[in-house]
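Structural characterization, general
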Amino acid sequence: MDQNSPCSALDLVFKRRSCRVFTDTPITPEELDSILRAGCCAPTSKALYPCHFLVVDSRSEMQKICEYHNMSKALVTAPLCVITCADTARSWASWRDDAAAATMNMSLCAEALGLNSCWLGVYPRIERVNRMKEQFSLPDSIIPYSILALGHADSPKPPLGRFDPSCVHYNRWQRNS
Ligand SMILES: Cc1cc2nc3c(=O)[nH]c(=O)nc-3n(C[C@H](O)[C@H](O)[C@H](O)COP(=O)(O)O)c2cc1C
């Protein structure tokens, strides 16, 4: 598929890859607005909507994250990132699932806009959670769950066909050795 052609929803799912090196092309306010709206459209358990989205476009703040997040290469060149947080006072056990769904919605929205992204894990690594709470002065009930680095890929990766039929089971668990 031509990288620049409009994508169907299925194309987006199949061609998405994590990007860790971005060009210096900025993300427009309209693109960011769509990405944040996509995050808010994600399904959420009991319709409790516990997610908050912290947009970080300050190079120095992103550099600070790199000091305690050892897998954050994508933040070195990303023009911005969105930290998905959950308000645990506004949810019950499912806030992690809600935050994951929001992160994935934003990632696929980025693909639809011709952008690229990389999901950086935060929760449940307690050191990353605590350092991030301190850095951004997050209230007690707010837990940072993930970082989505966003931008235009420096060199887009090819799609990978990862379908593994041995992971699929019909009606009962079958051993596929
Ligand atoms: C929960 C989660 C946490 C991840 N954390 C990181 C991370 O901290 N740093 C990173 O560079 N990539 C991270 N990734 C991206 C994975 O490394 C990536 O999805 C995986 O290698 C498969 O590659 P692909 O996304 O290109 O298909 C994370 C992905 C998920 C779903």
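Sequence order as written defines residue numbering, which begins from 1 separately in each chain. Note on the predicted model: pLDDT of at least 70 is required for a residue's local features to be given, and 80 or more for side-chain atom pairs to be given and counted; whole-chain, interface and lining totals, by contrast, use all residues. In computing side-chain values, all of the structure's heavy atoms are included and hydrogens and water are not.

For helix α5 (residues 95-112), with 18 residues, the first-to-last C-alpha span of 26 Å sits near the 26 Å given by 1.5 Å per residue. Note on contacts: a residue pair is in contact if any heavy atoms of the two residues lie within 4.5 Å. Numbering goes from the N terminus for both helices and strands, where a helix is a DSSP run of H or I of at least four residues and a strand is a run of E of at least two. In this structure, the buried residues of α5 make contact with α1 (9-15), α2 (29-40), β1 (51-56), β2 (80-87), β3 (116-121) and β4 (142-151). G114 lies just past α5 and shows a positive phi near 85 degrees. Working rule for helices: expected span equals 1.5 Å times residues minus one.

Under the local residue numbering, the UniProt record ascribes the feature "domain: Nitroreductase" (unreviewed entry) to residues 15-65 and 95-152. End C-alpha atoms of residues 15-65 are separated by 28 Å, and the span's content is 39% helix alongside 12% strand. Overall, residues 95-152 shows 48% helix and 28% strand. The separation of its end C-alpha atoms is 30 Å. UniProt positions are given in the numbering used here, feature names are shortened, and annotations may be inferred rather than shown by experiment.

With that settled, the discussion passes to the packing of aromatic side chains. Aromatic pairing here means that ring centres of Phe, Tyr or Trp (its six-membered ring) are within 6.5 Å. Orientation follows from the plane angle: under 30 degrees is stacked, over 60 is edge-to-face, and everything else is tilted. Applying the stated criterion to the full structure yields three aromatic pairs. Site record: aromatic cluster; members linked through ring pairs are W95, W119, Y123 and Y145. For a lysine, the NZ atom is tested; for an arginine, the CZ atom; a charge sits over a ring if that atom is within 6 Å of the ring centre and within 35 degrees of the ring normal. Its guanidinium or amino end placed over the ring of W92, K46 lies 4.8 Å from that ring's centre, counting from NZ or CZ.

Right, let's talk about the sheet that holds β3 for a bit. Should DSSP find at least two bridges between two strands, the strands are taken to pair. The four strands are arranged β1-β2-β4-β3 in an open sheet whose pairing can be described as antiparallel. The two strands at the open ends of the sheet, each matched to only one other strand, are β1 and β3. Recorded for the sheet is a direction-independent mean angle of 25 degrees between the axes of neighbouring strands. The angle between two axes is taken between their N-to-C directions and runs from 0 to 180 degrees, where each axis is a line fitted to C-alpha atoms and a helix contributes only its stretch in contact. Together, β1, β2 and β4 form the strand contacts of α2, whose direction differs from that of β1 by roughly 160 degrees. This element, helix α6 (residues 126-135), spans β2, β3 and β4 of the sheet and lies at about 85 degrees to β4.

The local shell around the ligand consists of R16, R17, S18, R20, H69, M71, C118, W119, L120, G121 and R162. R17 places a side-chain nitrogen or oxygen 2.8 Å from an oxygen atom of the ligand. Whenever a nitrogen or oxygen atom comes within 3.5 Å of another N or O atom, the pair is scored as a polar contact, on the condition that within protein one atom can donate a hydrogen and the other can accept it, and that pairs from neighbouring residues in sequence are kept only if both atoms are in side chains. W119 is positioned such that a nitrogen or oxygen atom in its backbone is 2.8 Å from a nitrogen atom of the ligand. Surface burial for the ligand is 65%, taken as the share of its 620 Å² of free accessible area covered by protein chains. It suffices for a single heavy atom of a residue to lie within 4 Å of a molecule or strand for the residue to be listed as near it. Accessible areas in this description were obtained via Shrake-Rupley with a 1.4 Å probe; residue shielding takes into account the shown protein chains only.

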